[in-house]
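# Coordinates in review
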Amino acid sequence: MSFEERLLAFHYVHPRPLNKWKGLLEHDPELKLFQDWSLRKLAFCLNTQESQAARILQAYRRAITMPLTASYEKHFIKPISYLHPAYPKSLTELIDPPIILYAKGKIGLLETKRRIAVIGSRKASSYSMKAIETILPPLVEGGFAIVSGLAKGADAMAHQQAIDLGGQTIAVIGSGFLHPYPAVNNALFKEITESHLCLTEYPPYVKPEKWHFPMRNRIISGLSEGIIVTEAENRSGTMSTIEHALDHGKEIFAVPGSIFSPLSGGPHKLIEEGAKPVWNGFQVLAELRVN
């Protein structure tokens, strides 16, 4: 069994970011020794309780007997570990990069040099749609792949507009591929996984959970050189994505909105704090110095 196969099996039962594996990989970089360790040592390296370490070890011993690679191939899922040449270098700058990205679709889109995220509220109004229709055409024409989170509202609008313009889009989801979420976007999910690219850090069996989406947001930010925010409330998942982006020096662009709409609160706060107000895509291109 190769290191990649052992890594896949361990990630299948312990799907955590790379920083959570640090102790284990420092003591057993090839994942060949830990099965013979005491539970105390394994628990120490995983920063968990001995009872949990025992469960992980038992599940791992089952996982290594499973034909994971063949199963992923059957479902057209490509696991990309942090050591794989296709793994995006920009994600390694995160404090907690995914140790494995599960990809479905056109893997070559990870080689796209220019990527920009477009995000906003799940309750986005027609104003977001009009803004996206205005801002995206120059970006798509300029060769940018549009990254978003496949949520309802602004995310779905951005993915669909990129597709309609003949561009490329990358969706990052907060669940495994066997449980796409939300169901209302199933048709869009199917189109993206067949003709564009969908990514997740979760093995296929993992169902969506509330805490997965803030984790997903750091990947959206990490993949992108800038983030465009349409409509968003002051306290929202959209704003958590911005926090990740600011931590890593990404360019933030905010679409101004009506002072009477609560969905303008997020963008206006960002503009007050120094984000670039934008109302067309050429402003974004100029800021990112695209000729």
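Just above, that's the structure.
Residues numbered from 1 in each chain as written. Predicted model: local features only at pLDDT ≥ 70, side-chain atom pairs only at ≥ 80, totals over all residues. Heavy atoms only, no water.

## Side note on the pattern of salt bridges
Stated precisely, the cut-off is as follows: A pair is scored as a salt bridge if a Lys or Arg side-chain nitrogen falls within 4 Å of a carboxyl oxygen belonging to Asp or Glu. Strands are runs of DSSP state E lasting at least 2 residues, helices are runs of H or I lasting at least 4, and numbering of each runs from the N terminus. Only protein chains enter the calculation, and the probe is 1.4 Å; a residue is then buried if its accessible area is under 20% of its type maximum, exposed if over 50%, and partly exposed in between.
Within the structure shown, the criterion is met by 6 salt bridges. Among the ionic pairs, K269 bridges to E273, the shortest N-O distance being 2.7 Å. Residue E287 pairs with K276 through a salt bridge whose shortest N-O separation is 3.9 Å. A residue pair is termed long-range when its members are at least 10 positions apart, and E287 in helix α12 (residues 281-287) and K276 in strand β9 (residues 276-277) qualify at 11 residues. By relative accessible area, E287 is classed as partly exposed at 29%. Judged by relative accessible area, which is 35%, K276 ranks as partly exposed. Counted as one network, the salt bridges with shared partners bring together D96, E201 and R218.

## A few points about helix α6 (residues 126-141)
The criterion, for reference: In a helix, the anticipated span is given by 1.5 Å times the number of residues less one. At every residue, the bend is computed as the angle between two fitted axes, covering the seven residues ending there and the seven beginning there respectively. Note on definitions: a residue-residue contact is assigned when non-hydrogen atoms from the two residues lie within 4.5 Å.
Helix length check: α6, at 16 residues, gives a terminal C-alpha distance of 23 Å against a target of 22 Å (1.5 Å per residue), a fit within 8%. At I135, α6 is deflected by roughly 30 degrees, the largest bend along its length, and proline P137 occurs up to four residues later in sequence. Among all positions of α6, only S128, A131, I132, I135, L136, P138, L139 and V140 are buried. Summarising the contacts, the buried residues of α6 are in contact with β3 (115-119), β4 (145-148), α7 (154-164), β7 (226-229) and α12.

## A closer look at the environment of A131
Mapped onto the elements, A131 comes out in helix α6. By relative accessible area, which is 10% here, A131 ends up buried. C-alpha of A131 to C-alpha of W279: the two residues are 148 residues apart in sequence and 7.0 Å apart in space.

## Topic: the nonpolar core
The test is simple: Nine residue types can take part in a nonpolar core, namely buried Ala, Val, Leu, Ile, Met, Phe, Trp, Tyr and Cys, and a core is a set of them joined through side-chain atoms within 4.5 Å.
Ranked by size, the top nonpolar core spans 37 residues in total, and within it F10, W21, L24, L31, F34 and L42 carry the most contacts. The set of elements that each furnish at least two residues to this core consists of α1 (3-13), α2 (22-27), α3 (39-46), α4 (50-63), α5 (68-74), β2 (100-105), α7 and α8 (186-195). Counting residues per element, this core draws most heavily on α1, at 6 residues. Once you skip the residues sitting within four places of it in the chain, F10 turns out to touch W21, L24, F34, L46, I56 and Y60. Of all hydrophobic cores here, the second largest spans 30 residues; its members include L94, A103, L109 and A232.

## Thoughts on the packing of α3 against α4
Our working definition: Axis lines are fitted to C-alpha atoms, over the contacting stretch for helices. Their N-to-C directions set the angle, which ranges from 0 to 180 degrees. Oblique is the label for any angle not under 35 degrees, not over 145, and not in the 65 to 115 range, which are roughly parallel, roughly antiparallel and roughly perpendicular in turn. Throughout this entry, Asp, Glu, Lys and Arg are counted as charged residues, while Ala, Val, Leu, Ile, Met, Phe, Trp, Tyr, Cys and Pro are counted as nonpolar. The remaining residues, Gly among them, count as polar.
In contact at an axis separation of 8 Å, α3 and α4 are set at 95 degrees when each is read in the N-to-C sense. The angle between the axes of α3 and α4 places the two elements in the roughly perpendicular class. Residues L39, R40, L42, A43 and L46 of α3 pack against E50, A53, A54, I56 and L57 of α4. Of the residues belonging to the contact of α3 with α4, the class tally is 8 nonpolar, no polar and 2 charged.

## Comments concerning the pairing of strand β5 (residues 169-172)
Our working definition: Whether two strands pair depends on DSSP finding at least two bridges between them. Look down the strands so they point away from you; if going from the first strand over the helix to the second traces a clockwise path, that crossover is right-handed.
Here β5 shows no split at all, with T169 and A171 on one side and I170 and V172 on the other all buried. By the bridge criterion, 3 bridges tie β4 to β5 in an arrangement that is parallel. Bridging across to β5, S148 finds its partner in A171. At this point the chain moves from β4, through α7, to the parallel β5, and the crossover so formed is right-handed. Across 3 bridges, the pairing between β5 and strand β6 (residues 197-200) is parallel. Bridging from a neighbouring strand, V172 pairs with L199 of β6.

The analysis is restricted to geometry; functional conclusions fall outside its scope.
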